[in-house]
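Observations on the model geometry
Given next are the chains, with one letter for each unit.
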Amino acid sequence: MKKLLFLLMLIICSVSAFAQDEGTIVKRERIQRDKSIFLGGGISILGGSNLGDYSTGINFEGGFSKRLNRVISVGGSLSYVSFKYDPTFNTRPPAAGQNPGNWYFGTDITSGSLVGFYLNLDGGNVSLISLSGNIKVNLIPIKENSVVSVYGFAKPFVSMANLSSLTGSVVFYNYSANDWVRNPSNDASDTFDSKSSISGGIFVGPGLEFFPTKPVSLFVQASFGYTFPLDVVSTRSFQNDLATIQNADTNGYPFKSLGFTSINFAAGISFNLD
């Protein structure tokens, strides 16, 4: 959240800093090509202290913008961000005195005996289809002959979030004679159906646009995204505690409702129209 507030303050300060200059700019001839249709895409990674079992993802975006003047543009876009469940987050074997990854140990709340199980998961991908309103602020007012435009942007959005279907299987162990012994009679598997929900959030960040007043321009940008809490696979959030999973209301699956943060890198093309 600190990064989010910092970037928002940067955009606000930029608007304020150029307010006086803009009074003169508006009186001049406006940029001839003041409407744009853009397409872009790239990679995404989890940001901050996110506990979801995801690593890298992809992002795509398409939309339009309208230059109000040489500093500010507004518009809207439709974007897609997807993260694939990454089993490497929870495939580590137990270390001495620890229970990392998808090994869970503890006292069974039903039998009272010391048991453990190894959890295998398949599925559980997270995707967001988002509709956003965009505001872009050029840090230096652009001119008809500008080669590079440096800008900051903010994109508040409403999103349809989806957690794909998830199949899980468990291999059980009992603790006997100072060792863990496989107990196949308790092995089990189950499938959790996909789940969709409405969420929202904001993307903020900087970018560069090359030849912004030409019929075709190129851009690269980075953004920090925050999405309000949604259900994700998070084995780490259960702290490898068997009782926590047995008491959870998720049918034994390690789901957690978390604020989802991402860092997104994208490149794209804009078609600038009169």
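Rules used throughout
Residues numbered from 1 in each chain as written. Predicted model: local features only at pLDDT ≥ 70, side-chain atom pairs only at ≥ 80, totals over all residues. Heavy atoms only, no water. Helix = DSSP H or I, 4+ residues; strand = E, 2+ residues; numbered from the N terminus. Buried < 20%, exposed > 50% of the residue type's maximum accessible area, 1.4 Å probe, protein only. Contact = heavy atoms within 4.5 Å. Areas by Shrake-Rupley, 256 points an atom, 1.4 Å probe, with all protein chains shown as cover. Core = buried A, V, L, I, M, F, W, Y, C linked by side-chain atoms within 4.5 Å. Salt bridge = Lys/Arg side-chain N within 4 Å of Asp/Glu carboxyl O.

1. Brief notes about the overall build of the chain
- For the chain, the count of helices and strands is three helices and 13 strands.
- In the chain, which comprises 274 residues, the share counted as buried stands at 47%.
- Long-range pairs, those at least 24 residues apart, make up 75% of the contacts in the chain with a sequence separation of at least 6.
- Of the roughly 13800 Å² of accessible surface on the chain, a fraction of 62% belongs to carbon and sulfur atoms.

2. Some words on the environment of Lys84
- You can see Lys84 is positioned in strand β3 (residues 72-85).
- Since its relative accessible area comes to 59%, Lys84 is described here as exposed.
- Ignoring sequence-local partners within four residues, the contact set of Lys84 consists of Asp53, Tyr54, Ser55, Thr56 and Asn125.

3. Let's talk about the nonpolar core
- Of all hydrophobic cores here, the largest spans 24 residues; its most connected members are Tyr54, Val126, Val232, Val233 and Phe260.
- Mapped onto this core, the elements with two or more residues apiece are β3, β5 (114-123), β6 (126-138), β7 (148-163), β8 (166-176), β12 (216-233) and β13 (255-273).
- The residues touching Val232, leaving out its near neighbours within four places in the chain, are Gly52, Tyr54, Val126, Leu163, Pro254, Phe255, Lys256, Leu258 and Phe260.

4. Re the pattern of salt bridges
- Going through the model one piece at a time under the given rule, you end up with six salt bridges.
- Taking the shortest distance from any N to any O, the salt bridge between Lys136 and Glu209 comes out at 3.3 Å. With Lys136 in strand β6 and Glu209 in strand β11 (residues 195-210), this residue pair connects regions lying 73 residues apart in the sequence. Taken individually, Lys136 and Glu209 each receive the classification buried, so the pair is uniform in this respect.
- For the salt bridge of Asp231 with Lys195, the shortest nitrogen-to-oxygen distance reads 2.3 Å. Highlighted residues: Asp231 in strand β12 and Lys195 in strand β11, separated in sequence by 36 residues.
- The exposure class of Asp231 is partly exposed, given its relative accessible area of 23%.
- Each of Asp34, Lys35 and Lys66 takes part in one network of salt bridges that share partners.

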